[in-house]
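Observations on the model geometry
Now for the letters of each chain:
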Amino acid sequence: MPRQQAVIRVFLSSPSDLEVHRSAIADQLRRLSRVFLQRKVAIEVLTGDCAEPGMGRPQGQVNASLSVADCDIFIGMIWLRFGTPTGGQHSSGGHLYLSGTEEEFRLAHDAWRDTGRPKILFYFCNRVPEKLADIHPEQFARVTAFKESFGAAGANPGLVRNYVIPEELDTLVVSDVLSQVESMSSELAHARRGIDVSQFGLLDFFVPFKSAERELRKRASIDSSDESLAIVAHSGFSFLGRIGARYKPQVVQFLERGGLVRVALISPWSETGLALSISGVDQASLVNYRAQTRDVLCAAIEQSRWYLVKYRDAIDGYLDLAARFKGQVDLRVTASYMPATVLVTDVDAYIEPYLLADLPKRIDLMLASFEARFASTSYMYENLRDYTEYIFSAGVEFAEFAANEERTKEQFLRSFSLHERM
């Protein structure tokens, strides 16, 4: 029997001054739904505009048509305006709703209090308007009072987010929703399959908008290690680079504790090196790269951002570390195909499959990068440890590679000429 698709319902609520932003975020979240299609999970994005027409109080029609109280995630956004009264009254009596956003929030909040869902995410804009005349005193006073209600002593204690520019709101909302949907879809998958994926040692699954969380976790992993780090990477910049390497401080501290770092990098003079060099740029002239001249192929690598910025800076950073921590840093260069980058620490292991698909399409699908973390007691940890050992052993020491790089380069370029003559 085919597996049924689960639906996660996300409701967006805001007064009219954020209507354009609300619509843009709704479109982004609908695109985000494609990330979860393989898991048979769909994201249904709802706003008041989605309500069916009908007779009766307008906000009441929205509530009934969209089942606001039955959504999985409620997103509220407020800036300068609070909205207009809806004619509705709280079920407890007495309180008249001063806006549709307030009524929608109250329905969601009451449901959360009773059942634990929906997850409520609220965002307040602190941007100063272009004209002071845009601030309506009564409306802004209601916004201020509502925001204060989220304080510890308020009527709706909870954690909210503040932002200034629309682009910041886009990032915050999409990131937070992605995190929530990731958690919910995992729970749904477990329930359908009746198994616990923890038996495979999977600790975390990081998707693009969880990169900050991923970086914190990786830093903690390196900090918790004392003996060895094994790294398989396409440039190694994140760990070795002289400038801006995300994990360099942790690597240095690890070496200062006497640890051993072993790194395997891809040779730029390989088909993977070429693919990395031309990915993300206008590839029209290199689609059929085997038909290109050796000079064109050489320039494609040597002039690429990957080679000039990431690869070369990582090599310079390695040389600095090798001079400072003699015998503790072992770098190998290999032409073996690398389907993923891997970090193996004393406590866990990370794998990031490298997608050499069309970069604009990857970004549109929000699949530019993802990474999984596994416990050191799992089979996957052993598998990733063995993988790094295999790639490392297939490489040559960096000093040997550097001494013979021109010959390696010529052999690589010659292989295309041989292919053309066959």
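Residues numbered from 1 in each chain as written. Predicted model: local features only at pLDDT ≥ 70, side-chain atom pairs only at ≥ 80, totals over all residues. Heavy atoms only, no water.

This next bit is on the packing of aromatic side chains. Think of a pair of aromatic rings as described by two things: how far the centres are apart, and how the planes are tilted against each other in angle. This model, assessed by the stated rule, comprises 19 aromatic pairs. Seen from their ring centres, F11 and F74 are 6.0 Å apart, and the 10° between their planes marks the pair as stacked. Of this pair, F11 sits in strand β1 (residues 6-13) while F74 sits in strand β3 (residues 73-78), and the two are 63 residues apart along the sequence. Relative accessible area serves as the criterion here: at 0%, F11 is assigned to the buried category. By the ring-pair criterion, three or more aromatic residues cluster together here, those being F11, F74, F82, F105, F122, F124, F146 and F150. Geometry around W79 places R127 over its ring, the cationic atom sitting 4.1 Å from the centre. Here the guanidinium or amino end of R262 rests over the ring plane of F392, the centre of that ring lying 4.6 Å away. (Phe/Tyr/Trp six-rings, centres within 6.5 Å; stacked < 30°, edge-to-face > 60°. Helix = DSSP H or I, 4+ residues; strand = E, 2+ residues; numbered from the N terminus. Buried < 20%, exposed > 50% of the residue type's maximum accessible area, 1.4 Å probe, protein only. Lys NZ or Arg CZ within 6 Å of the ring centre and 35° of its normal.)

Under the defined criterion, the tally for this structure stands at 1 cavity of 30 Å³ or more. Considering the residues around the largest cavity, the lining is formed by A230, I231, V232, R262, V263, A264, T388, E389 and F392. For the lining of the largest cavity, the secondary-structure elements that each account for two or more residues are β7 (228-233), β8 (260-266) and α13 (379-393). Among the residues making up the lining of the largest cavity, the classes are represented as 6 nonpolar, 1 polar and 2 charged. (1 Å grid on protein atoms, 1.4 Å probe; cavity = no way out; pocket = protein on both sides within 12 Å on 5 of 7 lines; lining within 4 Å. Points joined across faces, edges and corners; volume = space filled by probe spheres on them. Nonpolar A, V, L, I, M, F, W, Y, C, P; charged D, E, K, R; others polar.)

Within the protein chain, residue pLDDT values average 83, and 85% of them lie at 70 or more. Every residue in residues 418-422 scores below 50 in pLDDT, and together they form 4 contacts with partners more than four places removed in sequence or on other chains. (pLDDT = per-residue confidence, 0-100. Contact = heavy atoms within 4.5 Å.)

This next bit is on the environment of K326. Note that K326 resides in the loop between α11 (305-324) and β9 (329-334). For K326, a relative accessible area of 68% puts it in the exposed group. A polar contact of 2.8 Å, which involves the side chain of K326, links it to the backbone oxygen of A323. (Polar contact = N/O pair within 3.5 Å; in protein donor to acceptor, adjacent residues only side chain to side chain.)

Right, let's get into the pairing of β3. Across a regular strand the side chains alternate sides, sitting on one face of the sheet and then on the other. Taken across its 6 residues, β3 has 6 buried, putting it largely inside the fold. The side-chain alternation of β3 yields two buried faces, one formed by I73, I75 and M77 and the other by F74, G76 and I78. Across 4 bridges, the pairing between β1 and β3 is parallel. From the neighbouring strand, L12 faces β3, where its bridge partner is I75. Here 6 bridges tie β3 to strand β4 (residues 119-125), and the two strands are oriented parallel to one another. (Pairing = 2+ DSSP bridges.)

One open sheet holds the 8 strands; their spatial order is β6-β12-β11-β10-β7-β8-β9-β13, and the pairing between them is mixed. The open sheet has two edge strands with one neighbour each: β6 (202-206) and β13 (396-397). Its contacts with the sheet place α13 against β7, β8, β9, β10 (340-344), β11 (348-353) and β12 (371-375), and it is angled at close to 110° to β10. (Axes fitted to C-alpha atoms, helices over the stretch in contact; angles between N-to-C directions.)

Glancing now at the packing of helix α9 (residues 271-278) against helix α10 (residues 294-302). The interhelical angle for the contact between α9 and α10, taken along N-to-C directions, is 65°, at an axis separation of 8 Å. Viewed along their axes, α9 and α10 adopt a mutual orientation that is roughly perpendicular. The hand of the α9/α10 crossing is left-handed. On α10, the residues touching L274, S277 and I278 of α9 are L297, A300 and I301. (Parallel < 35°, antiparallel > 145°, perpendicular 65-115°, else oblique. Left-handed = near helix turned anticlockwise from the far one by under 90°.)

Among the secondary structure elements, Y163 is positioned in strand β5 (residues 161-163). For the pair Y163 and C125, spaced 38 residues apart in the sequence, the C-alpha separation amounts to 5.1 Å.

With that out of the way, let us pick up the sheet that holds strand β2 (residues 41-46). Judged by pairing direction, the sheet is parallel, and its 5 strands sit side by side in the order β2-β1-β3-β4-β5 without closing on themselves. One side of each edge strand has no neighbouring strand; the edge strands of this open sheet are β2 and β5. Shown here is a sheet whose adjacent strand axes are inclined to one another by a mean of 20°, direction ignored.

For the coordinates displayed, the defined rule picks out 25 salt bridges. The partner of D320 in a salt bridge is R242, with the nearest N and O atoms 2.6 Å apart. Here R242 lies in the loop between α7 (237-240) and α8 (248-256) and D320 lies in helix α11, a separation of 78 residues in the sequence. Residue D320 is classed as partly exposed on the basis of its relative accessible area of 35%. On the basis of relative accessible area, R242 is assigned to the partly exposed category, the value being 48%. R324 serves as the salt-bridge partner of E256, at 2.8 Å between the closest nitrogen and oxygen. On the criterion of sequence distance, the pair formed by E256 in helix α8 and R324 in helix α11 is long-range, its members being 68 residues apart. One connected set of salt bridges, linked through shared partners, spans R106, D110, R113 and D114. (Salt bridge = Lys/Arg side-chain N within 4 Å of Asp/Glu carboxyl O.)

What follows concerns unusual backbone geometry. A cis amide bond links R117 with the next residue in sequence, P118, at an omega value of 10°. As for its position among the elements, P118 is in the loop between α3 (100-115) and β4. For S67, which is not glycine, the phi dihedral falls at a positive 50°. Look at S67 and you get partly exposed, because its relative accessible area is 30%.

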